[in-house]
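Listed here are the chains, written in short residue letters.
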Amino acid sequence: MGNYVSLYLTNPKGTPVPLTEPSFDPNHGFPNGRKERVMIATEEEMEAAKIPLEARDYCAHKLIQYRACRSDVWPWAYKCAHEKHEYLNCEYDDYILRLKEYEREKRLLTRKVKLEKKQAQELHA
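As annotated in an unreviewed UniProt entry, the protein carries the name NADH dehydrogenase [ubiquinone] 1 beta subcomplex subunit 7 and comes from Anopheles sinensis. Recorded in UniProt under Sequence similarities (unreviewed entry), the annotation for the protein is "Belongs to the complex I NDUFB7 subunit family."

Structure below.
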């Protein structure tokens with residue numbers, strides 16, 4: 001609810017719209033650049049493993065390994081605890097990275113709004 005209130009009522013210009021591409025250069029503020037994220041699992045591998053669309057993210061390769069382990073050792077699925085742990089850690093790390101990207105976008109938008117206000121005041125003064 002907090003994001004909804006901020007986006008539509010209290011701070012519409014300074015709040016990023018969810019599920020959209022960033023509006024700023026991804027390397028802005030990183031003098032040496034950033035490491036680009038790449039998908040390890042290919043589209044064909046995900047289709048062959050019948051991974052649902054909502055799970056086709058940067059951790060899909062870990063999910064494929066986990067599902068393969070489960071099918072290999074079934075009914076003793078507890079033997080795949082390591083693969084499950086790796087997949088869940090990957091999902092958590094991806095979640096944290098997306099939160100950081102959202103916060104970065106929010107701070108850069110707020111900074112942009114403040115700079116625009118300052119420039120407008122200087123023009124009228």
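Back to the write-up after that little detour.
### A closer look at the nonpolar core
It is characteristic of soluble globular proteins that their nonpolar side chains tend to be buried jointly. Listed in full, the 12 residues of the largest apolar core are A41, M46, I51, A55, C59, A60, L63, Y66, C69, C80, Y87 and C90. When contributions to this core are tallied by element, the ones reaching two or more residues are helix 3 (60–73) and helix 4 (81–124). Counting residues per element, this core draws most heavily on helix 3, which supplies 4 residues. Setting aside chain neighbours within four positions, we find C59 in contact with Y87, C90, E91 and D94.

### Structural notes on the UniProt feature "coiled-coil region" (unreviewed entry) in the protein
As recorded in UniProt, the sites labelled "coiled-coil region" (unreviewed entry) are residues 85–119. Span residues 85–119 is 100% helix and 0% strand, its end C-alpha atoms 51 Å apart.

Conventions used here
- Residues take numbers from 1 onward in each chain, read along the sequence in its written order.
- In keeping with the model being predicted, local features are shown solely for residues with a pLDDT of at least 70 and side-chain atom pairs are shown and tallied solely at 80 or more, while totals for entire chains, interfaces and linings include all residues.
- Neither water nor hydrogens contribute to the side-chain values; these are computed over all heavy atoms in the structure.
- UniProt positions are given in the numbering used here, feature names are shortened, and annotations may be inferred rather than shown by experiment.
- Among buried residues, the Ala, Val, Leu, Ile, Met, Phe, Trp, Tyr and Cys ones that are joined through side-chain atoms within 4.5 Å form a nonpolar core.
- Accessibility here uses a 1.4 Å probe with only protein chains present; expressed as a share of the type maximum, an area under 20% marks a residue as buried, one over 50% as exposed, and anything in between as partly exposed.
- Helix numbering and strand numbering both begin at the N terminus, where a helix is a DSSP run of H or I of at least 4 residues and a strand a DSSP run of E of at least 2.
- Every residue pair with non-hydrogen atoms within 4.5 Å of one another is taken to be in contact.

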